[in-house]
Amino acid sequence: MSNFAIICDVTCDLSKELQAKYNIRALDGHYKTPDGAEHTANCEWGSEEAAIAFYNDLKKNPAGYTTAPLSPDEVKAVLEEYIAQGTTDILCLTISTGLSGTYNFFNAAKEEVLAAHPEANIKVVNSLRYSTAFGAIAIKASLLREEGKSFEEVYAWVEENKNSFHQMGWLDDLSFLAKKGRMNNFKAFMGQLIGIKPLGEINHNGLTTVIGKAKGASKAYEAMLAYMEKTIVDPSNQIIFIAQTNRKKFAEEFRALVEERFHPAEIIMTDVHVMNGINIGPGLMAAYYFGKPTSVNLVEETAIMDSILGTK
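Parameters and conventions
Residues numbered from 1 in each chain as written. Predicted model: local features only at pLDDT ≥ 70, side-chain atom pairs only at ≥ 80, totals over all residues. Heavy atoms only, no water. Salt bridge = Lys/Arg side-chain N within 4 Å of Asp/Glu carboxyl O. Helix = DSSP H or I, 4+ residues; strand = E, 2+ residues; numbered from the N terminus. Buried < 20%, exposed > 50% of the residue type's maximum accessible area, 1.4 Å probe, protein only. Pairing = 2+ DSSP bridges. Axes fitted to C-alpha atoms, helices over the stretch in contact; angles between N-to-C directions. Contact = heavy atoms within 4.5 Å. Core = buried A, V, L, I, M, F, W, Y, C linked by side-chain atoms within 4.5 Å.

**Q** What is the right way to look at the pattern of salt bridges in this model?
**A** Here the idea is simple: oppositely charged side chains can pair when their charged atoms come close. Scanning the model with the defined rule gives eight salt bridges in all. The salt bridge involving K21 is made with E266; its shortest N-O contact spans 3.6 Å. Note that K21 is positioned in helix α1 (residues 16–22) and E266 in strand β12 (residues 266–271), a separation of 245 residues in sequence. Classification of E266 as partly exposed rests on a relative accessible area of 29%. Across the pair E229 and R261 runs a salt bridge whose closest N-O atoms are separated by 3.4 Å. Of this pair, E229 sits in helix α8 (residues 216–231) while R261 sits in helix α9 (residues 248–262), placing them 32 residues apart in sequence. The exposure class assigned to R261 is partly exposed, which follows from its relative accessible area of 36%.

Next up, the structure:
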């Protein structure tokens with residue numbers, strides 16, 4: 001197996017178990033609670049009850065929670081730790097630059113480390129994604145490493161294919177994404193969408209874009225599966241991820257439907273942890289998978305959903 005490190009920021013939403021399984025390290029971030037206290041943001045809840053309590057409190061006071069990424073000095077310390085241990089090839093993956101300055105912080109740290117350690121080879125990738133879509137890219141990089149692909153080969157593959165990682169699902173409350181700048185067409189879906197499931201995909205900047213809406217969960221499931229069928233590539237040989245924020249029942253229902261339709265190599269159920277949860281809010285239920293490259297401004301993807309829903 002190729003010997004290089006894969007490091008992500010905490011917004012990859014990979015649990016400690018997944019980090020250990022795929023030999024990926026997710027660096028903690030920071031967040032503040034409504035009482036002004038500062039906390040470390042990691043990819044652990046401790047218990048399902050803790051996650052539910054967090055999202056319930058977040059819904060009551062969304063403005064009271066804020067997030068902050070790692071500083072360049074914090075990233076630098078981790079890079080130097082690996083180099084001291086003899087690992088000089090390091091692949092760093094970050095949340096989309098359309099959502100955060102984390103990529104710039106990683107690059108600043110990289111330049112300082114390389115000045116002191118010119119023998120190191122550090123690459124920083126702007127994933128153009130966040131949360132589980134970002135984590136799916138990191139896991140694919142790990143699998144390629146396990147296959148024996150070189151550091152440079154894995155880096156090149158990720159850069160070439162990162163826009164082929166899709167999200168398809170719904171978010172009951174769009175206001176969180178809109179307020180935190182993670183949605184680019186919120187005005188088109190203003191108002192109380194009672195019973196309506198806005199169906200979202202991720203664009204080239206990592207922003208969630210609503211490309212359709214379905215009435216009720218059953219219709220949404222049908223549309224989501226049909227959309228996945230038209231955009232997914234080789235499902236039987238890939239991992240499909242399903243993430244949720246306080247929508248476990250729907251996630252489990254959708255998992256069964258995805259298994260029945262696509263028979264993927266594996267389905268991994270994941271949580272959205274604090275760092276992303278503050279910006280997404282409760283009510284997310286979505287699948288993440290590798291498929292055809294997404295088009296600019298999701299023009300082709302919107303047309304696909306329009307045809308599925310019969311809206312145009």
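**Q** Explain the sheet that holds strand β2 (residues 25–27) here, please?
**A** Paired through backbone hydrogen bonds, the strands of a sheet run either parallel or antiparallel to each other. The four strands lie next to each other as β2-β1-β6-β7, forming an open sheet whose pairing is parallel. The two strands at the open ends of the sheet, each matched to only one other strand, are β2 and β7 (121–126). Neighbour-to-neighbour, the strand axes of the sheet open up by a mean angle of 25°, direction not taken into account. Strands β1 (5–9), β2, β6 (89–94) and β7 of the sheet are contacted by helix α4 (residues 102–116), whose axis makes an angle of about 170° with β7. In the packing of helix α6 (residues 151–161) onto the sheet, the strands contacted are β6 and β7, and the crossing angle to β7 comes to about 15°.

**Q** Help me understand the nonpolar core, please; the structure alone is not making it clear to me.
**A** For soluble globular proteins, nonpolar side chains are generally found buried alongside one another. With 54 residues, the main nonpolar core has I24, F54, L91, L93 and Y288 as its most contacted residues. Tallying contributions element by element places helix α5 (residues 131–146) first for this core, with eight residues. Beyond its immediate stretch of four places on either side in the chain, Y288 contacts T132, A133, H166, Q167, I202, I239, I240, F241 and A243. Core analysis: the next-biggest nonpolar cluster, separate from the first, contains 25 residues, L225, Y227, I240 and A287 among them.

**Q** What is the right way to look at the sheet that holds strand β3 (residues 29–32) in this model?
**A** Pairing is antiparallel across the open sheet formed by three strands, whose spatial order is β4-β3-β5. The open sheet has two edge strands, β4 (38–41) and β5 (66–68), and neither has a second partner. The average angle at which neighbouring strand axes cross in this sheet is 30°, direction not considered. Alignment of β3 against β4, held across four bridges, turns out to be antiparallel. Considered in β4, the bridge of H30 is made with T40.

**Q** How should unusual backbone geometry be read in this particular structure?
**A** Glycine aside, residues mostly have negative phi, and peptide bonds are mostly found in the trans state. The backbone phi angle of H263 is positive, close to 45°, even though this residue is not glycine. If you trace the backbone, H263 turns up in the loop between α9 and β12. At N297, a residue that is not glycine, the phi angle is positive and equals roughly 60°. Exposure remark for N297: the relative accessible area of 65% places this residue in the exposed category.

**Q** Honestly, the environment of G277 in this entry has me stumped. Any pointers?
**A** Turning to its location among the elements, G277 is positioned in helix α10 (residues 274–280). If near-sequence neighbours (up to four positions away) are discounted, G277 is found in contact with F54, Y55, L58 and V272.

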